[in-house]
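Okay, here's what each chain looks like letter by letter:
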Amino acid sequence: MFETLGEKIAARRWWVIGAWAVLLLVALPFSFSLTKVVNSTGTTAPGSQSAAVQTVVDRSFPSATRVTAMVVFHRPFRPLDARDRLAIRQATLDLKGDHNVQKVSRPGFAKNGRLAYIVLTLKTHKAVDSTGMVPGLKKRLALVRLPPGLSADLTGTAPIFAAFNNTVAVSLSRAEILTLPLTILVLVFVFGSIAASLIPGLTAFAGITLGLAALYLLRSFVPLTNSVQNAAAMLGLGVGIDYSLILISRFRRESAAGRTVSQALAVTCATAGKTVAFSGCIVAATNLILSAIGQPLLVSLSLGVFASVTCTVLASLTLTPALLACLGPHLEWPRGLGRWKTRVVGVAFGHRGFWASHARRIMARPWAVLIATGTVVLLLAIPALNLRLQDISTLSLPPGLPAREGYLRYTQAFGAGSLGPITLLVHSPDGVLSPGFYPKLRRLEKNLRQEAGVARVVGVADLPGPRVAALRLLPRRPKSVENLLSADRRSTLIYVYPKTDPNSQASFELVHRLRRLVAGDKHVLVGGSAAKIVDIINGIGSSFPALALAVMALTYLILLVLLRSILLPLKAVLLTLLSTLASYGFLFLFFQAGYGSALLGFHPQTAIAWSSPPLVFSILFGLSTDYEVFLLSRIQEHYQATGDNRESVARGLEETAGIITSAAFLMVTVFVSFGFSPLVLMQEIGLGMSFAIILDATLVRMRLVPATMALLGPWNWWLPPWLSRFLPPPETVKLEE
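What comes next concerns the included structure. Keep in mind it's a predicted model, so treat the numbers as computed, not measured.

So, on to the pairing of strand β4 (residues 115–122). Of all eight residues making up β4, seven are buried, and the element is well covered by its neighbours. The pairing of strand β2 (residues 101–104) with β4 spans three bridges and is antiparallel. For Val101, the partnering residue across the bridge sits in β4 and is Leu122. Across two bridges, strand β3 (residues 108–109) lies against β4 in antiparallel orientation. Bridge assignment links Phe109 to a residue of β4, and that residue is Ala116. Hairpin remark: β3 followed by β4, antiparallel, with five residues in the connecting loop; positive phi at Gly113, about 80 degrees.

Pasting the structure below:
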């Protein structure tokens, strides 16, 4: 099938290129418009207690769901004086005049007298809509004349959300500026040709553009986060370059063997094209399975990667062969670069058979290599057992940003948990203020105050008796209690402020204690920021292991069809899993244990972001299997031709190691650029992926694979006859000598 595809593309190369040109002209407007239609999917845990509480709050407590901002005024060495207070009042009046502000609170003051704050309630219920309001608020605040020494930091939900978005956007722009020139230089070096180095870029561009256009159409059915295009572009670029390297290297090898362009393209598609198709299925499937976790952010990102990778595979199997057919003998232009590259490679490796000799040395003592290398990888993986998860912290923003500094100063003055209360939703069909239920409400608040780790509790039971009696009789609730009492008086909110940061293990434990306290009471649910994080982590913990097994099972089945072997797919899955666990161990040591905080200058973490492990797993499992499929497919071709297991491994490694190393280097270049982002989440994903790919492309593929294949010998290719009847027949290709 793939050989026929290559022949048809060679015969109709210009038609294929023309079809892609038309397709891209249609897709470009949609891909450029994706940014305008995506928004924040939020971080929720569907089906959880916290989600149920949020649903009721959105419906019955609309004033409590409005997005807020806060201005924190601070004087470091002495209490605020009359001039300071006058400036604060002026800022209050100026900010009231902003058309996006619904109301401004009266100034509040800290006990030390050096800090004051005002809360701005914005005219929106969605954080993503508030980002456009923040610049106007900053401008108004900047016009206020502050006395020397008095600072004013704009923080709160809207400014923090905007700060994260801006930091991500700036980081991605910097990453692109750093990555693209280096990628071009590496491609020119790898191919020794400018003409050949242009094809990966064109393939990746076509796949990414079509993928983003597909996401534009998909956004009508599934909410997509505003970072989906970045994830899609990053993975599309990575696999587009990987697949082009595989196809171009095979085409050049077949052309060098004396085949015509049409023949070389037919063999390329039958071998490397088949590898790309199966590998792409694995990458796309692993990310699609990730969406079954149900967390909106992960669903959005996994669908983005799925669309981008699927379209990039389509471009690799059609556009890349067409471009190869058109360039043909001109693929080596300019030839002087190729001769220069040959001299450089000769100096680096000594001779052309470096990787074959390397494989033979390993296979001469496979047990020693397996034990030594396996021990190193296992030691790197062991720390992963201590991995803990949390949400993205405001303190992970770069120091000096007003949103971060204002948050830090406020929480230092009023308590670490003062901006993240745990919310208890209490409901009674007879009314929470009814004489039969109200005493129960008072007992509940009393018990909550007695819990360790609780700083304060705010609820309607705090109100004096006459006020409660009046609330029972009033036809409408006063505005002063609209954040605590629903309009029908059947629901009320109790805000429990922890002594610790909402994004800390101590606050998570407090959530568990409060839920045990109200367990069995159908009238009470526990939600709020800390509870939401707990529910997300619990959801990932309960579903991720099963989904990981599903990914490994599907990968095994796809490789079984491709390699027609029982043991090789199992070995591939286990080695990829080992690489993934080692990357988790790296994340623990570098971020959670804090050994990397001094190097990169981030705030020491007590856990890693909950989104990092599933994202690293899905991306790495696909990319690592890429290299495994490429290597084993080439070894399989030689084994089918010679029947010599050891020689097939040596020759397969010789012909693929350079491409695997080059592809890995390019991927590491992309991911390391994210590692230097000021945002810790991007550092975790960038450096975690870089470490895993380096480990996978060196110790795993270049040492463990030859060692295990030498030990298994003929068992590498064992397939029961009864199973062979259910698999597609093997395609044999005559190899060049």
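Once that is clear, we can look at helix α10 (residues 261–290). In a regular helix each residue adds 1.5 Å, so 30 residues correspond to 44 Å; α10 covers 41 Å between its end C-alpha atoms and thus fits that length. At Cys269, α10 shows its strongest bend, of approximately 40 degrees. Of all 30 residues making up α10, 25 are buried, and the element is well covered by its neighbours.

A cluster of nonpolar side chains, namely Val22, Val26, Phe30 and Leu217, defines an oily patch on the protein surface of about 360 Å² accessible area. Of the residues forming the nonpolar patch, the biggest block, three residues, is contributed by helix α2 (residues 13–37). One can find Val22 in helix α2. Looking at Val22, the relative accessible area reads 53%, which means it is exposed.

Where helix α14 (residues 366–381) contacts helix α24 (residues 680–712), the axes come no closer than 9 Å and their chain directions differ by 150 degrees. Looking at the two axes, α14 sits roughly antiparallel to α24. Like other packed secondary-structure pairs, α14 and α24 cross with a definite hand, here left-handed. For the pair formed by α14 and α24, the contact residues are Pro366, Trp367, Val369, Leu370, Thr373, Gly374, Val376, Val377 and Leu380 on the first element and Phe691, Leu695, Leu699, Arg703, Leu704, Ala707, Thr708, Ala710 and Leu711 on the second.

Turning to the side chain of Thr708, a few remarks are in order. Assignment of secondary structure puts Thr708 in helix α24. A relative accessible area of 13% means that Thr708 is categorised as buried. When residues no more than four places from it in sequence are discounted, the contact partners of Thr708 are Leu370 and Lys571.

Cut-offs and rules
Residues numbered from 1 in each chain as written. Predicted model: local features only at pLDDT ≥ 70, side-chain atom pairs only at ≥ 80, totals over all residues. Heavy atoms only, no water. Buried < 20%, exposed > 50% of the residue type's maximum accessible area, 1.4 Å probe, protein only. Helix = DSSP H or I, 4+ residues; strand = E, 2+ residues; numbered from the N terminus. Pairing = 2+ DSSP bridges. Expected span 1.5 Å × (residues − 1). Bend = angle between axes of the 7 residues up to and from the residue. Patch = residues over 30% accessible without salt bridge, like charges linked within 9 Å, V, L, I, M, F, W, Y side chains within 5 Å. Areas by Shrake-Rupley, 256 points an atom, 1.4 Å probe, with all protein chains shown as cover. Salt bridge = Lys/Arg side-chain N within 4 Å of Asp/Glu carboxyl O. Axes fitted to C-alpha atoms, helices over the stretch in contact; angles between N-to-C directions. Parallel < 35°, antiparallel > 145°, perpendicular 65-115°, else oblique. Left-handed = near helix turned anticlockwise from the far one by under 90°. Contact = heavy atoms within 4.5 Å.

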